[in-house]
Amino acid sequence: MPLTIDEVRAFIRQLPDAAAVAQVQEAAAQRLRAIDKAAFAHTQSGRRARITPTVRSKLLRGLTGTVQERNRNGRRAGSLLDEESTRQLRAHPRNSHYRIPENVRRFRIPGSGVPISCLELTED
């Protein structure tokens, strides 16, 4: 029979010191990473995706493109915007962050990319 959350909390309250609590924290962090990895395993390079409204940069919200490679820890991925999204970002009146030359048809978002949790896969 699985433990209840109340039983887990009671167990943690009885731990003798900070080192023991830290071990529980590390185990929980490992489990969260595994859950996160499984939840976004389908977000792979080459898939088309829309950047969701949960992304921090308001300029990127709703733009679409192709998922590129993930960063080392797998939590972010590069994004190569499609032509229409590149045009929208270039023309956005508040865009002073992304400099996109006129001859660039598809813009790759610089830096470490977009959080995987902020990408919604669309039909290919």
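Attention in this report is confined to the structure presented alongside it.

Calculation criteria
Residues numbered from 1 in each chain as written. Predicted model: local features only at pLDDT ≥ 70, side-chain atom pairs only at ≥ 80, totals over all residues. Heavy atoms only, no water. 1 Å grid on protein atoms, 1.4 Å probe; cavity = no way out; pocket = protein on both sides within 12 Å on 5 of 7 lines; lining within 4 Å. Points joined across faces, edges and corners; volume = space filled by probe spheres on them. Helix = DSSP H or I, 4+ residues; strand = E, 2+ residues; numbered from the N terminus. Nonpolar A, V, L, I, M, F, W, Y, C, P; charged D, E, K, R; others polar. Salt bridge = Lys/Arg side-chain N within 4 Å of Asp/Glu carboxyl O.

Moving on, we get to the layout of surface pockets. One number sums up the size of the largest pocket: a volume of about 220 Å³. Along the walls of the largest pocket sit 16 residues, with Val55, Leu60, Arg76, Gly113 and Pro115 positioned nearest its centre. What the second largest pocket holds in volume is close to 170 Å³. Contributing to the lining of the second largest pocket are Arg33, Asp36, Lys37, Phe40, Arg70, Asn73, Gly74, Arg75 and Ile116. The greatest single-element share of the lining of the second largest pocket, amounting to three residues, is contributed by helix H2 (residues 18–39). Among the residues forming the lining of the second largest pocket, the class breakdown is two nonpolar, two polar and five charged.

Next up on the list: the pattern of salt bridges. Note on pairing: side chains with opposite charge can pair once their charged atoms come close. Applying the stated criterion across every chain, the model contains eight salt bridges. The partner of Asp6 in a salt bridge is Arg9, with the nearest N and O atoms 4.0 Å apart. Of this pair, Asp6 and Arg9 both sit in helix H1 (residues 5–13), three residues apart, which is roughly one turn of the helix. Across the pair Glu84 and Arg87 runs a salt bridge, and its minimum N-O distance is 2.6 Å.

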